[in-house]
Amino acid sequence: MSPEQDGHSAIPCARCQKPATLQCPKCLELKLERDLASYCSQECFKESWAEHKRLHKPSVDGWHYCTRKGEGRSLNMPDFRWTGALRPARIGPPRPIPDSIPKPDYYRGGYPTSEVESRQQQAVPARSANDIAGIREACRIGRLVLDAAHAAVRPGVTTDEIDRVVHETTLAHGGYPSPFNYYHFPKSVCTSINEVICHGIPDRRPLESGDIVNVDVSVYKNGYHGDLNETFVVGEVDEEGKKLVKVTHECLQLAIAACRPGVRYREIGDIITKHATANGFSVVKTYCGHGIGDLFHCAPNIPHYAHNKAKGVMQPGQTFTIEPMINVGSHRDKTWPDGWTAVTEDGKRSAQFEHTLLITRDGCEVLTHRLPTSPPLWWEKESWVEHKKLHKPSVDGWHYCTQGGKGRSLNMPDYRWTGPLRPARVGPPRPIPDSIPKPNYYRGGYPTSEIESRQQRVVPTRSERDIAGIREACRIGRLVLDAAHAAVRPGVTTDELDRIVHETTLAHGAYPSPFNYYHFPKSFCHGIPDRRPLEDGDIVNVDVSVYKDGYHSDLNETFVVGEVDEEGKKVIRVAYECLQLAIAACKPGVRYREIGDIIAKHATANGFSVVKSYCGHGTGDLFHCAPDIPHYAHNKAKGVMQPGQTFTIEPMINVGSHRDKTWPDGWTAVTEDGKRSAQFEHMLLITRDGCEVLTQRLPTSPPLWWEEE
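Residues numbered from 1 in each chain as written. Predicted model: local features only at pLDDT ≥ 70, side-chain atom pairs only at ≥ 80, totals over all residues. Heavy atoms only, no water.

S.K.: Even after reading the chapter, I still don't get empty space enclosed by the protein, so can you show me in this structure?
M.R.: One simple way to see leftover space: roll a probe sized like a water molecule over the atoms. Enumeration according to the criterion identifies two cavities of 30 Å³ or more in this entry. Here the largest cavity defines a volume of roughly 200 Å³. Classifying every residue of the lining of the largest cavity gives 13 nonpolar, four polar and four charged. Forming the boundary of the second largest cavity are Asn556, Glu557, Tyr576, Leu579, Phe680, Glu681, His682 and Arg697. (1 Å grid on protein atoms, 1.4 Å probe; cavity = no way out; pocket = protein on both sides within 12 Å on 5 of 7 lines; lining within 4 Å. Points joined across faces, edges and corners; volume = space filled by probe spheres on them. Nonpolar A, V, L, I, M, F, W, Y, C, P; charged D, E, K, R; others polar.)

S.K.: Would you mind showing me how to read the layout of surface pockets here?
M.R.: Estimated volume of the second largest pocket: approximately 820 Å³. Every residue lining the second largest pocket is counted, 37 residues in all, and those nearest its centre are Tyr182, His199, Cys288, His290 and His297. Looking at the lining of the second largest pocket, the elements with two or more residues in it are α5 (113–116), β9 (212–221) and β13 (298–302). Of all the elements, β13 adds the most residues to the lining of the second largest pocket, at four residues. When its residues are assigned to classes, the lining of the second largest pocket shows 19 nonpolar, 11 polar and seven charged. (Helix = DSSP H or I, 4+ residues; strand = E, 2+ residues; numbered from the N terminus.)

S.K.: Honestly, the packing of helix α6 (residues 129–152) against helix α7 (residues 159–172) in this entry has me stumped. Any pointers?
M.R.: Think of two packed helices as two axes; the pair is described by the angle between the axes and how far apart they sit. One way to put it is that α6 packs onto α7 with a least axis distance of 9 Å and a crossing angle of 150°. Here α6 is positioned roughly antiparallel relative to α7, judged by the angle of their axes. In the packing of α6 onto α7, the handedness of the crossing is right-handed. Contact residues: Val145, Ala148, Ala149 and Ala152 in α6; Ile162, Val165, Val166, Thr169 and Thr170 in α7. Looking at the contact of α6 with α7, its residues break down into seven nonpolar, two polar and no charged. (Axes fitted to C-alpha atoms, helices over the stretch in contact; angles between N-to-C directions. Parallel < 35°, antiparallel > 145°, perpendicular 65-115°, else oblique. Left-handed = near helix turned anticlockwise from the far one by under 90°. Contact = heavy atoms within 4.5 Å.)

S.K.: Is there a simple way to think about the packing of helix α12 (residues 464–487) against helix α13 (residues 494–507) in this case?
M.R.: α13 packs onto α12 with a crossing angle of 150° between their chain directions and a minimal axis gap of 9 Å. As far as their axial angle goes, α13 and α12 are roughly antiparallel. Every pair of crossing elements has a handedness; the one defined by α12 and α13 is right-handed. Packed against α12, whose contacting residues are Val480, Ala483, Ala484 and Ala487, the element α13 presents Leu497, Ile500, Val501, Thr504 and Thr505 at the interface. Residues that form the contact of α12 with α13 fall into these classes: seven nonpolar, two polar and no charged.

S.K.: Where do I start with the pattern of salt bridges in this structure?
M.R.: Oppositely charged side chains are able to pair whenever their charged atoms sit close together. A full pass over the atoms with the stated rule returns 38 salt bridges. Between Arg95 and Asp160 there is a salt bridge, with the nearest N and O atoms lying 3.1 Å from each other. Remark: Asp160 occurs in helix α7 and Arg95 occurs in the loop between β5 (72–74) and α4 (106–109); sequence separation between them is 65 residues. When the shortest N-O distance is used, the salt bridge between Asp498 and Arg430 registers 2.6 Å. Of this pair, Asp498 sits in helix α13 while Arg430 sits in the loop between β22 (407–409) and α11 (448–451); the two residues are 68 residues apart in sequence, bridging distant segments of the chain. (Salt bridge = Lys/Arg side-chain N within 4 Å of Asp/Glu carboxyl O.)

S.K.: Could you clarify how one ought to interpret the sheet that holds strand β23 (residues 511–512) in this entry?
M.R.: Backbone hydrogen bonds are what pair the strands of a sheet, in a parallel or an antiparallel way. Reading across the sheet, the three strands line up as β23-β24-β25 and stay open at both edges, with antiparallel pairing between neighbours. A single partner strand is all that each edge strand has here, and the edge strands are β23 and β25 (551–560). In terms of strand pairing, strand β24 (residues 539–548) meets β25 through 10 bridges, oriented antiparallel. Residue pairing across strands places Val542 opposite Glu557, the latter belonging to β25. (Pairing = 2+ DSSP bridges.)

Shown next, in the form of C-alpha cells:
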C-alpha cells in the first residue's frame, strides 16, 4: 500500500469509512479514482482484497467504463469527440434481483425474444380489461418509483445513487425495473444529464447545481410494463434551462390533450413541434413514443416531429407512450461509445417528459399521472413559495380584506349583505419601483401633509405651474382609465383591471393615488379589486387617480359588462347626464351648493336618488382638500367658484334608496337596499369665463354604451 498524498486525508476508507491514509498501488498505476481504492490500514485492505481486485481488470463486477451497449467494460475512458462538457464516469456492478420477483424473458440473456417475434410489432393491439388492469398497476408503481427518485435529486448525489433508489423501490413493490438487461442495458433506470437526450447510464458522477437531469423509469409487474419520465432541475438552474424543461412538459400536455379515438398518430408530432419551435427549440427525430403493455416496446410508433409519416389512428383500448425530447439547439443526435447514451450533436441541453396513455371511448387516460404527493416540478416549487402565503392571513396572500385595508382574514366576514354581491379575496400589493415619485402616505398609509394643510379650510387658487402639473396628471389619468375600460368584459376580474391600472400608471412615470391612501390596498377604488370575475349584466365603476410630479388627478366612469338590462343602462346614462349638467353650470361666482340642486333635479326626474355620504372635492398637490361639493339638493356647502380653483364633481346615482352601508373591509360603500348605483367623475379647472374639463374624454377613448349603440 502507498501512503495517501497530501490533501486527500479526508477521503474515507473504502471498507470501514474511517479517514484513509493508504491507497492501493495498482489503482494508482491504473489511475483509478482515489475513493475506490483508499484504506485506513493494511488490515482493511486485506479484508477487502477479494472484492477490490475486481477493479484491476475490466468486468461487469467492478467500477469501469461501459462499452459494447452494456456487455463490455474498460479501465479507461473511451477516446471520443465529445459534443458537450459532460463526460461518462465509471459505472458500478449490476444490482441483484431476488428470485421471488417475476422477470421478463430478457433478464438472463439480454435479448427480448418475445418482443422481437411478436405480431404486436406490426398490429396495434386493443387491450382487454385484464390487460388494462395489469398495465395500470405497473404504471401506478412506476409513478411511486419516479417520485422516490425525484425526491433524491440534489447537488452531490450521483446518478448511481438514483439508480439504487429506483432499483430498491421497484423491488419493494414486487416489480422488476424494465430497463435492467434489456438489450444488455446495465442499470435499472436511464438518467440523462444536460446534453444527454435519452438512455444515459447511471454512474459515479455527482449531480451539480445548474444541471438538468431526466429520470426515465419503467416497471414490469405481473407480466405488464409501465413507462414514464420527467426532467428535474438540480439546485440553481439558469432561465434557459428552466424554460426548456417547462416547454417540454407543455409539449407533452398539449399532445395528451389531443389524444382520443380517430386522431392520427402523425398529428402528435405536429402539435409538439408547433409549440417547441414557437419557443425557439427543436424536436428530436431519432426516438419516438411506442406501444406498451405485455411488451416493453411494440406498435404503434409515435414520432414527435412534424410532417412525419406514421400510419394509423387511435382506437379505444390502445396503450402507448408519448415522450417528446426537446433540444435547445440542433435536433440531431450522436451516440457515445457506451452504445446507449444519446447526446445532442452541438452539446446543448435536452429535456424530456413521458406518460403512458390509454385511449378511452371519449378521450384518453394518463395511466402515469402525477399524484398530490408527487414532488413539485420547478415551476410548481416556485409557485409554492407564493402559495403557502395563502395559509396564513397576511397582505402578501390572497385573503379577505379587513380593518380598512390593514388586515386580512382567511374567511369571508359574517355580515348582513344588502344585495347578491359578495367580496372575494384580494391579492398582495403590487410593487412600486423606487424610481417613481411617491406621496407622503406611501409608507405609513397616513396622508399627514393633507390632514395638516390649510387647504382643508381655504380653497386655493392654483398657479400656472400648479395647473400645468395637475393637467399632466389628468392627461395620464385619462389614458389609464381608457386602458382599464378597454379590458372590461365578462370573465375579467377587477384584480386584473387593477393590474392594468397599476402598470399603465407606472408606465407613465406616475403613482396610483389610491394605493395605501389610508391603507387602501389597491390602485383604484372604492370597491376593492378582487378575484371575482365580472359577469354578463354587471355594471362596474372604475375610479382612477394618478399622482405625477407632486400633483393628483381624479376621474371615473361606469361601464356595462356584456348585455345589461334597460334599467342598468338608464342609471348609467342618467349619472353621466347629471355630471354633464353640473359641469355646464360651473363658472366664476356659482355657489358650490348649486351643483347638488342641478344633479338632484335630473336624477329624481328620472326616478333615481342621489347619494349624500360622499361628495366632490378639491384636488391638486393634495389628493383631497377644500372645497367639498355635495351632489344632493338643499345642501349647506359654503363658498363660490373662482378662477384657478380645481376640484372634482362625481355624482353617485342610485336606482333605489340614497342611503348607504359600508362592508366589513372598511371601504366598500353599498346601497342599503342592494339596488344598483352608477357614478361619473371629472376634474375641473375654473377659468375666467367658465370651466375646463381636465380629464375630458379623447377621440381614442372607448365608447360608452350609448355611443357604442
